[in-house]
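Letter by letter, the chains look like this.
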Amino acid sequence: MASPFLNYISEKMRLKRYAKRTIQSYVYWIKAYINFNGQRHPLSCHDKEVEQFLSYLTNKLDVAPNTQGIALNALVFLYRGILLKPLTLELNFNKSKQHTKLPVVLTQAEVTALLTKIVSRYALPCQLMYGSGLRLMEVVHLRIQDIDFDFHAIQIWQGKGGKNRRVTLAKELCESLKVQIAMVQSIYQQDQLNPDYKGVWLPYALARKNPSASNDVQWHYLFPSNRLSTDPETGFVRRHHIDETTLRKAVKVAARNGGIDKNVTCHTLRHSFATHLLQRGADIRTVQEQLGHTDIRTTQIYTHVIEHGANGVRSPLSDLF
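Cut-offs used in this document
Residues numbered from 1 in each chain as written. Predicted model: local features only at pLDDT ≥ 70, side-chain atom pairs only at ≥ 80, totals over all residues. Heavy atoms only, no water. Helix = DSSP H or I, 4+ residues; strand = E, 2+ residues; numbered from the N terminus. Rg over C-alpha atoms; globule rule 2.2 N^0.38 Å. Buried < 20%, exposed > 50% of the residue type's maximum accessible area, 1.4 Å probe, protein only. Contact = heavy atoms within 4.5 Å. Areas by Shrake-Rupley, 256 points an atom, 1.4 Å probe, with all protein chains shown as cover. Core = buried A, V, L, I, M, F, W, Y, C linked by side-chain atoms within 4.5 Å. Patch = residues over 30% accessible without salt bridge, like charges linked within 9 Å, V, L, I, M, F, W, Y side chains within 5 Å. Salt bridge = Lys/Arg side-chain N within 4 Å of Asp/Glu carboxyl O. Phe/Tyr/Trp six-rings, centres within 6.5 Å; stacked < 30°, edge-to-face > 60°. Lys NZ or Arg CZ within 6 Å of the ring centre and 35° of its normal. Pairing = 2+ DSSP bridges.

1. Concerning the overall build of the protein chain
For the protein chain, the count of helices and strands is 13 helices and five strands. Relative to the 2.2 N^0.38 estimate, which gives 20 Å for 321 residues, the radius of gyration of the protein chain is 22 Å and therefore close to what a compact globule would have. With the C-alpha coordinates of the protein chain rotated into their principal frame, the extents come out at 60 × 55 × 35 Å. Counting the 321 residues in the protein chain, one finds 45% classified as buried. Of all intrachain contacts in the protein chain linking residues separated by at least 6 positions in sequence, the fraction that spans at least 24 positions is 64%. Of the roughly 17,500 Å² of accessible surface on the protein chain, 52% is carried by carbon and sulfur atoms.

2. A few points about the nonpolar core
In this structure, Leu114, Leu128, Val139 and Leu247 are the most contacted members of the largest nonpolar core, which totals 55 residues. Put simply, the parts of the chain that give this core at least two residues each are α5 (108-117), α6 (120-132), α7 (136-140), β2 (153-156), α8 (174-192), α10 (244-257), α11 (266-279) and α12 (284-291). If you tally residues by element for this core, the top one is α6, at seven residues. If sequence neighbours within four positions are ignored, Leu247 has contacts with Tyr122, Pro125, Cys126, Met129, Leu136, Val139, Val140 and Cys266. Leu6, Phe53, Leu54 and Ala71 belong to the second-largest nonpolar core, a separate cluster that totals 28 residues.

3. Remarks on the environment of Asp243
Mapped onto the elements, Asp243 comes out in the loop between β5 (237-238) and α10. For Asp243, a relative accessible area of 40% puts it in the partly exposed group. Along the primary structure Asp243 and Asn7 are separated by 236 residues, whereas in three dimensions their C-alpha atoms are 24 Å apart.

4. A closer look at a nonpolar patch on the surface
On the surface, a cluster of nonpolar side chains totalling about 240 Å² of accessible area is made up of Phe36, Tyr56 and Leu61. The class for Leu61 is partly exposed, based on a relative accessible area of 44%.

5. Some details on the packing of aromatic side chains
Under the defined criterion, the tally for this structure stands at nine aromatic pairs. Taken together, a centroid distance of 6.0 Å and an interplanar angle of 50° make the contact between Tyr26 and Phe77 tilted. Highlighted residues: Tyr26 in helix α2 (residues 20-36) and Phe77 in helix α4 (residues 65-82), separated in sequence by 51 residues. Residue classification places Phe77 among the buried positions, given a relative accessible area of 7%. When the centroid spacing of 5.6 Å and the interplanar angle of 70° are considered together, the rings of Tyr33 and Phe53 count as edge-to-face. Here the residue Tyr33 occupies a position in helix α2, and Phe53 occupies one in helix α3 (residues 47-59), the gap between them amounting to 20 residues. Phe53 carries the same exposure label as Tyr33, and that label is buried. Through a chain of ring-to-ring contacts, three or more aromatic side chains come together here, namely Tyr28, Trp29, Tyr33, Phe36, Phe53, Tyr56 and Tyr79. Lys198 extends its terminal NZ or CZ atom over the ring of Phe236, reaching a point 6.0 Å from the ring centre.

6. Observations regarding unusual backbone geometry
With a phi angle near 60°, Gln39 is a residue other than glycine that sits in the positive phi range. Inspection of the secondary structure assignment puts Gln39 in the loop between α2 and α3. For Gln39, a relative accessible area of 62% gives the class exposed. Phi is positive for His152, which is not a glycine, with a value near 50°.

7. Brief notes about the sheet that holds strand β3 (residues 165-168)
Spatially, the three strands line up as an open sheet ordered β1-β2-β3, and their pairing is antiparallel. Of all strands in the sheet, those bounded by a partner on one side alone are β1 (147-148) and β3. Bridge analysis of β1 against β2 gives two bridges, and the strand direction is antiparallel. Note that in β2 the partner of Asp148 across the bridge is Ala153.

Taken by themselves, the reported measurements are silent on function.
The structure is reproduced here in C-alpha cells:
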C-alpha cells in the first residue's frame, strides 16, 4: 500500500501541473531518501541528511551526474514546496563525476536493417524518430494537426523542458502519414458512436479555454491506442496514445532480429539522426535547432563525426529511399 505522505506529494505535484514522469521520478527519490534515513519523517531531517544521501548515491551507487541531479531536485522540491523548510544553497556533498558516455549511433545500413525488421505497427513511429530526430515521448504525443504536409515539417509542442519547435519531415513519409491519419479518422468515427466517449485528453489550459476541442479529430493522437481507457483524473472514457513501453520493446526485438550488435534503444534513432545530418554536412547550429537543445554543448557530443557543413536541412531518412 502506498504511503499517504507520498500520495500527498503526488497529488500536490499533479495540481501544480508537473509532468507524470516528473512526479514518478520525484516520488521515487523521496521514498529512497526516507528509506536511507531509516524511514524517519523528512521533517526530522534537513541539510545534513540530504548531504549524506546525495554523497551515498555517488560513493556507493556510482550514479551518473544527471541521476544525482534529479534526486537533488526532488529533495529541493520536497523541502521547499511540501515541508516549507527550504534547504541551504550551499549543500556540501560528493558530486558525481562519472563521465558522460558517447551516444550509440547506427550506420545507415543498420538503420535500414532495423526499420526492415520492425513490426508494421511501429514502423512509422520509428521512421519519424530517425527521420526527424524525435524523442520517444515526442512521437507518441503527436496529434494529427502537428503534421504540416505543405512545408514538410512537424510541430513539437511542450517537448523536453517545455520547449516548442518545428522539425523537418521526410517527404517520403507523407503518404504513410496520410494513410495513418485516415486510419485514425476511421477509429474516431467509431468512437463517436460510443455514448461514453468523452474525446481525447487535452492540455489543462486548452481544456478550459476550448473544451469542445477534445472531440475535434485534429486534436486526436496520431498513434492511438488499440483500446479505450478511463482517465484516472476525470473518470472519462478516452482513447490515449500507444504505450511507449511496447514501442521500446519492439525496437529492441527489431535490432536483435536485424543482427545489430549494439545497445539499441529508441533514443539511438535520434542519435543517428543527428550524427548522419552532421556527416552530410549540416551545420551544428541547424542540428541543435532540430534536436531542440538549449545549449549547443549538448549537441557537440555528435561532433566526433563532423563539425561543419552546408546550411540546408534534408532528412537523412530520404537517403534510404
